[in-house]
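Coordinate analysis (summary)
What follows is each chain in one-letter form.
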Amino acid sequence: MKLTPAVLFCSFAVTVHGAERMLTFEKDVRPLLKTHCTHCHGEEEKPKGGVDLRLRRFMDLKLDGGKHVIVAGKPSQSELVRLIKSGEMPKKGKPMSEEELAIIEQWIAQGAKTARPEPLALAPGPLISDDDREYWAFQPVKRPAVPSNVNTKQVRTPVDAFLLKSMADKGLSFAPEADRRTLIRRVTLDLTGLLPTPEDVESFVNDKSPLAYEQLVERLLASKNYGERWARHWLDVVGYADSNGYSEADSVRPQAWRFRDYVIRAMNSDKPWDEFIQEQLAGDELAGATHADFQQAVLDPHRTDQLIATAFLRMAPDGTGDKPDDEKLAKNQVIAEQMKVMTSSLMAMTVACAQCHDHRYDPITQADYYRLRAVFDPAYNWETWRTPAQRLYSLYTPEERAKAAEIEKQAQVIRAEATTMSKKFLDEIFEVEIKKVPEAEQAAFRIARDTPKDKHTPEQKVLIKKYPSALATYSLNLYDQKKQDLVDAKVAEANKLRETKPKEGFVMALMEVKGTAPATKLFNRGDHDQPKQTLTPGELSILASPQIEPFKPVPLSSGSSGRRLAYAQWLTSGQHPLTARVLVNRFWLNHMGRGIVNTPGDFGRQGELPTHPALLDYLADEFVKSGWKLKSLHRLIMLSSAYRQSSVNDASLHADPENKLYARFKLRRIDAETLRDSLLAVTGTLVQTSYGPPSGIGRDPQGRVVTGIDKGTITLNKVDPGGADDFRRSIYVQVRRSKPVTVLDTFDAPIMTPNCELRAQTTVAPQSLLLMNDTFVLDSSSRLADRLEAAAPGNRVEQIKRAWELLFGKPATQPDVARGIAYLDQQTKALADYHHGIQHAKGVVPNPPQEAMASLCQILCSSNRFLYVE
């Protein structure tokens, strides 16, 4: 169970010496009242019942009937306690727990003390207290000294010194270094998401160089697979998807893949993260582009990348192009969801909780929420909304556009010739067919034929209906197929010419309309139909700094507001207390399996406190001082003794079961994409083609979502093979919010609603059932068996040894081989008996020995030894 700060306060209300800890209003009671009470009793202009609970001295109020809100030293006579205990208060929201009420009662019994003098007056609205301002996450990052009083023999990087200092209090130290086979498997999976090849394993194991490990890390950082692996982490956080979500339509985003490719390229090139973030928040402003002027802009590859990057702000679910029931709600929901993505990914604050009212736990007001929204409103502007299709921008150069226009002009001439030809043929046919109409009606019929259809008189309609075959204004093929073929050939000529146009790509981007900056209103209770006061753009009040307040947009000649660029520059200035901390915490989590703050999307009071605050600040400061380069941080972490240690440390397991002190490497299961990609790799079928549109997916007759060409209908599920695209890495497979790929979904790949701050890691029955029955696993096992047979035909011992090397990176022991042979013998006999008793379809030739090997491969692929990283 996760303990809230309030419960923790209750737990430690008695000191280690047994004496009762003196509680204070600011530290112990105000957070509880803010959570449950002050929304009605203090934050509104007129507190309910005249009771304001924001300050201790306001609680001396005498109520109607002579009772007091609180009576210092006498909780039983305090009306506040009675109302809470009886359940009368709070009237809305979650009831106060017994533990929380006990804190209030104890505080009153101790005399209802404050930690410091209170202000004489307080304006209506939320209160940001001194305790709020002193909260760790809002303090500037300060580089701590590296601890020196530790076992220097175990210190490879400063990371080790910080961790060893914390371990000393528990009498712990690092586990022994992992063996080389374990290390190369760990590092390769960590940096590339793929298993090391047997050849790579043996090369590393036999490398006598004292820098063998460092060289391994460098080789993997330089691999293109590195970018594909680490881009996945960021795509989780930003909520990447190839569909719009929001409604059942879940329409496709055909150009989202360009953002995915941008992230992969950024990772591989080690793009500085300050630049990376600025491009994602304000790439259009950096490129000098606005909505109306974009098509006339001349873009170089760098500026194009900057525009592609702004798809970060387009990743939230957006059903506004799918005819939602409530269009106003849908538009504002896009903005709200994108605000959640932005603030959780870059600030790790639950700012979204302040959309409808002041935040219940953190010092974030509703006004703060809308001030921050005002930074982004010029690009969204819900009252002059642009749907997803209206936010696609052509990548044509002026030369390509001119060439395409010239080709289209020529094609239209040919198409006009086809139309003229068809009319000529039909007119000729008409002169024949009109003779079949009685002579007395022919003149009227001619007039009816020449009259536009929408201007036919009732008499003309009757006449045409009487002699329909004589009309001859369409369906030339019904009269003369040879003449229709001549017309079709002309149309085909025009279409073939159109195919020579330069291929037109599109960018899914966010841009502002030049010179347009709408007023941002605070929505009462978050309802867009209840706008209140106008708010100017700005940072959260708790983070206000002379660098950002008063808010000053960057002046831009393009006509864009410059608000987002100003905010992005503040976030990446190195002075923002959250951005660098949040980023390095995520990087650390992805390496070590646990964050220093283990709630990576919530650094607020409902999140966990940092286990090693000094280390977090050191990493954040080092990251900024190293030019915001991620690969430098990789080296700092991965070259440490902490990262290289074994996952086995009995003392650590006993004293620190959650491994908060990092005295052992965290044993963890490979994630969904690594599972699928590794199975493809060991079978020799993985296609390493990078970049480009995603591989398609569809639902097969069994209801599973698999890769392939979707041929399904409303009543039929069908997927045709997609060729090589079916075997690409998982990062290149289409991400459909309403249709997650079964093998990935089962192993906890996230569904983006709107993003994923921390992946779940479950161990549930459907995972075992999938490994037993899913066609992807069964087919992979058969392909692996075929690969083993090709490598060592008929030699089962060598095949088993090779399977161990491919899957586990280790040689099979003699008992491993013996058990494998025994299983193959037993399974081969059982399969032979099975095949003997059934009639096979024509052309099907059973092969019990090979089927048995495929069964063994399936067992090995389902084993913990394969599924877990040590």
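Preceding this section is the structure that the text describes.
Residues numbered from 1 in each chain as written. Predicted model: local features only at pLDDT ≥ 70, side-chain atom pairs only at ≥ 80, totals over all residues. Heavy atoms only, no water.

1. Quick notes on the packing of helix α21 (residues 579-592) against helix α22 (residues 613-625)
At a minimum axis distance of 9 Å, the contact between α21 and α22 shows a crossing angle of 105 degrees. Taken together, α21 and α22 sit at an angle that is classed as roughly perpendicular. Residues A580, R581, L583, V584, N585, F587 and W588 of α21 form the contact with α22, whose participating residues are L615, L616, D617, L619, A620, F623 and V624. Split by residue class, the contact of α21 with α22 holds 11 nonpolar, 1 polar and 2 charged. (Axes fitted to C-alpha atoms, helices over the stretch in contact; angles between N-to-C directions. Helix = DSSP H or I, 4+ residues; strand = E, 2+ residues; numbered from the N terminus. Parallel < 35°, antiparallel > 145°, perpendicular 65-115°, else oblique. Contact = heavy atoms within 4.5 Å. Nonpolar A, V, L, I, M, F, W, Y, C, P; charged D, E, K, R; others polar.)

2. What about the packing of aromatic side chains?
All told, the structure shown has 24 aromatic pairs when counted by the stated rule. Pairing Y370 with F523 gives two aromatic rings, centres 5.4 Å apart and planes at 65 degrees, and the pair type is edge-to-face. Remark: F523 occurs in strand β3 (residues 520-523) and Y370 occurs in helix α15 (residues 366-380); sequence separation between them is 153 residues. F523 shares its class with Y370; the two are buried. Arranged with centres 6.3 Å apart and planes meeting at 90 degrees, the rings of W382 and F523 form a pair that is edge-to-face. Note that W382 is positioned in the loop between α15 and β1 (392-394) and F523 in strand β3, a separation of 141 residues in sequence. Of the residues examined, W382 reaches a relative accessible area of 15% and is grouped as buried. (Phe/Tyr/Trp six-rings, centres within 6.5 Å; stacked < 30°, edge-to-face > 60°. Buried < 20%, exposed > 50% of the residue type's maximum accessible area, 1.4 Å probe, protein only.)

3. Observations concerning a negative patch on the surface
Taken together, D325, D326, E327 and D529 make up a surface patch of like negative charges. Judged by its relative accessible area of 52%, D529 is exposed. (Patch = residues over 30% accessible without salt bridge, like charges linked within 9 Å, V, L, I, M, F, W, Y side chains within 5 Å. Areas by Shrake-Rupley, 256 points an atom, 1.4 Å probe, with all protein chains shown as cover. Salt bridge = Lys/Arg side-chain N within 4 Å of Asp/Glu carboxyl O. Lys, Arg positive; Asp, Glu negative; His and termini not counted. Charge placed at Lys NZ, Arg CZ, Asp CG, Glu CD.)

4. Points about the nonpolar core
Side chains of nonpolar character tend, in soluble globular proteins, to be buried together. Counting residues in each nonpolar core, the largest one holds 132 residues, and the members touching the most others are W234, W273 and Y567. Not counting the four nearest positions on each side in its chain, W234 is found in contact with V263, M267, W273, F276, Q280, F312, S345, L346 and L583. Membership of the second largest hydrophobic core comes to 46 residues, among which are L770, L788, W804 and L807. (Core = buried A, V, L, I, M, F, W, Y, C linked by side-chain atoms within 4.5 Å.)

5. Section: helix α16 (residues 398-433)
Under the 1.5 Å per step criterion, the end-to-end length of α16 is 51 Å for 36 residues, consistent within 8% with the ideal 52 Å. Buried residues in α16 make contact with α17 (439-450) and α19 (481-498). (Expected span 1.5 Å × (residues − 1).)

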